[in-house]
Amino acid sequence: MAVHRQCGGATVTRAQQPVVRCRAAGGSVAAATATATTCAPVEAGARRGPARRSAATVAGMWRQVQGCDDWEGLLEPGVHPVLRAEVARYGELVDACYKAFDLDPASRRYLNCKYGRERMLEEVGMPGAGYEITRYVYAAPDVTVPTMEPSTSGRGRWIGYVAVSTDEMTRRLGRRDVLVSFRGTVTPAEWMANLMSSLEPARLDPCDPRPDVKVESGFLSLYTSADKTCRFGGAGSCREQLLREVSRLIDSCAKDRPGEDVSVTLAGHSMGSALALLFAYDLAELGLNRGGPVTVFSFGGPRVGNAAFKARCDELGVKALRVANVHDPITKLPGIFLNEATTGVLRPWRASCYTHVGVELPLDFIKVGDLASVHDLGTYVALLKNGGDKQAAAPSVLAKVMEFVGRQRAGAVPWQDAALQMGGLVQTLGLI
């Protein structure tokens, strides 16, 4: 039984009781509610011993890689090589957004992608990525930044892309994978949106608004605000673009390839990981995943919502693997003082605090002389690919980003200048 409603100008269907399709031991497909999911057994020995682990394949354990049992047995002792390789692969697909983002104010593609959809992955050095990009996604922060980006106020910025795995990659993965990849914060307006650290009700499901489920107002604004310049043909907000395209792909897969397993994977860095988690919650809350698994791979991601938001994500079966450098301050925000770990006399307020969602995969790296590298996605990916070597490092994406921000803040009033320099690090100082 389903409920129909209008979302972003298009009619979508909300399943009242989302189901998760899981392959049982005998190979049959069973249905279970999102809160009572079972997993197919991992390939024999995949969790036991280095030699047996190395023989495992993605196709043979893809549900575990997507977190159907919260990555139990895959993170300790040591990260399973298949999981490590897959997480690094998704990190590279996010890094493609940074490589393709045009930061040149003189370019006609300024704040857009440098390349067309058909050749973007090839142009950034990933010709064999195994995905076909079906749509670019834009977001417009609903904030005003006086004296900065005067010609781009209210204008949508390219934030990422939606893609679907090719037939060849689908065979390797063991399922058809619908991917959404989000870059992190780059423009001054996005930094300002990040500073909006108050919690507000998400209210993404008009049939069941759940006012207790609250998220960071800046992330919500970025997710739900539409481009005021109509530069993209009335494409709507980031949310509306994503709901339309991902729903279309899921429905198309069900129609054209009945019986084929389909996963929805959302990957993002920093602010992008917040958008990924918001969309994962939104998709599952509306039931538009049609019972398929929804997984977030977060790289250096901040907290997004309160305890009720986390509880609802868990109830809906949304899975999130948070790859976090222990020295990365962004992963501790918002909620640097009051969060899910709050104890003692402040414990009664913990339900109102920012709370991380999902399971953490901790990394440990810092590079003297390049402190920005603690949050750099390239360094995250390099460390994963090198099996945890603390000396692994990569050129800092943040160095380029901060250079860009520096150019944009010329003439800024003092408080704005200070905010941009500190970025997300001052997001919750003195607040929750």
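Above this text you will find the structure in question.
Before going into details, it helps to say that this report is about the structure given with it. The shown structure was predicted, so the numbers you read here are calculated from the model rather than taken from an experiment.

What counts and how
Residues numbered from 1 in each chain as written. Predicted model: local features only at pLDDT ≥ 70, side-chain atom pairs only at ≥ 80, totals over all residues. Heavy atoms only, no water. Core = buried A, V, L, I, M, F, W, Y, C linked by side-chain atoms within 4.5 Å. Buried < 20%, exposed > 50% of the residue type's maximum accessible area, 1.4 Å probe, protein only. Helix = DSSP H or I, 4+ residues; strand = E, 2+ residues; numbered from the N terminus. Contact = heavy atoms within 4.5 Å. Pairing = 2+ DSSP bridges. Axes fitted to C-alpha atoms, helices over the stretch in contact; angles between N-to-C directions. Parallel < 35°, antiparallel > 145°, perpendicular 65-115°, else oblique. Left-handed = near helix turned anticlockwise from the far one by under 90°. Nonpolar A, V, L, I, M, F, W, Y, C, P; charged D, E, K, R; others polar. Expected span 1.5 Å × (residues − 1). Salt bridge = Lys/Arg side-chain N within 4 Å of Asp/Glu carboxyl O.

Thoughts on the nonpolar core
- Counting residues in hydrophobic clusters, the biggest one holds 54 residues, and the most contacted among them are Leu 83, Leu 93, Met 120, Leu 121, Tyr 131, Trp 158 and Tyr 161.
- When residues of this core are assigned to their parent elements, the largest contribution, 11 residues, is made by helix H3 (residues 81-100).
- Contact partners of Leu 121, with chain neighbours within four places excluded, come to Leu 93, Ala 96, Met 126, Pro 127, Ala 129, Tyr 131, Ile 133 and Tyr 161.
- Core analysis: the next-biggest nonpolar cluster, separate from the first, contains 49 residues, Val 178, Leu 222, Leu 243 and Met 271 among them.

Thoughts on the sheet that holds strand E13 (residues 319-325)
- Spatial strand order, E5-E6-E7-E10-E11-E13-E15: 7 strands in an open sheet with mixed pairing. Of all the strands in the sheet, the pair left with one neighbour each is strand E5 (131-139) and strand E15 (359-363). With direction set aside, neighbouring strand axes in the sheet form an average angle of 15°.
- Pairing geometry for strand E11 (residues 294-299) and E13, over 5 bridges, is parallel. Following the sheet pairing, Ser 298 is matched in E13 by Arg 322.
- Together, E5, strand E6 (157-165), strand E7 (176-182), strand E10 (262-269), E11 and E13 form the strand contacts of H3, whose direction differs from that of E7 by roughly 50°.
- In this fold helix H9 (residues 271-286) packs onto E6, E7, E10, E11 and E13, with an angle of close to 150° to the strand it touches most, E10.

As for the packing of H3 against helix H11 (residues 377-385)
- Remark: H3 packs on H11, axes separated minimally by 9 Å, with the N-to-C direction vectors making an angle of 155°. As summarised for this structure, H3 and H11 are arranged roughly antiparallel, according to the angle between their axes. Crossing angle aside, the handedness with which H3 passes H11 is left-handed. Where H3 abuts H11, its residues Arg 84, Val 87, Ala 88, Gly 91, Glu 92, Val 94, Asp 95 and Tyr 98 lie against Leu 377, Val 381, Leu 383, Leu 384 and Lys 385.
- Residue composition of the contact of H3 with H11, grouped by class: 8 nonpolar, 1 polar and 4 charged.

Describing helix H8 (residues 238-256)
- Relative to the 27 Å expected for 19 residues at 1.5 Å per residue, H8 spans 27 Å between its end C-alpha atoms, a close match to the ideal helical length.
- All buried positions along H8 are accounted for by Cys 238, Arg 239, Gln 241, Leu 242, Leu 243, Glu 245, Val 246, Ser 247, Leu 249, Ile 250 and Cys 253.

Describing the pairing of E7
- Along E7, 7 of the 7 residues are buried, which leaves the element largely enclosed by surrounding structure.
- Judged by which residues are buried, E7 turns out to be covered on both faces: Arg 176, Val 178, Val 180 and Phe 182 on one side and Asp 177, Leu 179 and Ser 181 on the other are all buried.
- Two elements, E6 and E7, share 5 bridges in a ladder whose sense is antiparallel. In the strand pairing of E7, Val 164 is matched with Val 178.

Examining unusual backbone geometry
- Residue Pro 77 is reached from Glu 76 by a cis peptide bond, and omega for that bond is -5°.
- Positionally, Pro 77 belongs in the loop between helix H2 (62-65) and H3.
- Leu 333 connects to Pro 334 through a cis peptide bond whose omega is -20°.
- Its location among the elements puts Pro 334 in the loop between E13 and strand E14 (354-355).
- Its identity as a non-glycine residue notwithstanding, Arg 203 has a phi of 50°, on the positive side.
- The residue Arg 203 is located in the loop between strand E8 (199-201) and strand E9 (214-216) in this model.

Here we look at the pattern of salt bridges
- Taken as a whole and judged by the stated rule, the model has 19 salt bridges.
- Note that Asp 261 and Arg 63 form a salt bridge whose closest N and O atoms lie 3.2 Å from each other. Taken together, the residues Asp 261 in the loop between H8 and E10 and Arg 63 in helix H2 connect sequence positions 198 residues apart. Both residues of the pair, Asp 261 and Arg 63, count as buried.
- With a shortest N-O distance of 2.6 Å, Glu 285 and Arg 312 are connected by a salt bridge. With Glu 285 in helix H9 and Arg 312 in helix H10 (residues 307-316), this pair connects stretches of sequence that are 27 residues apart.

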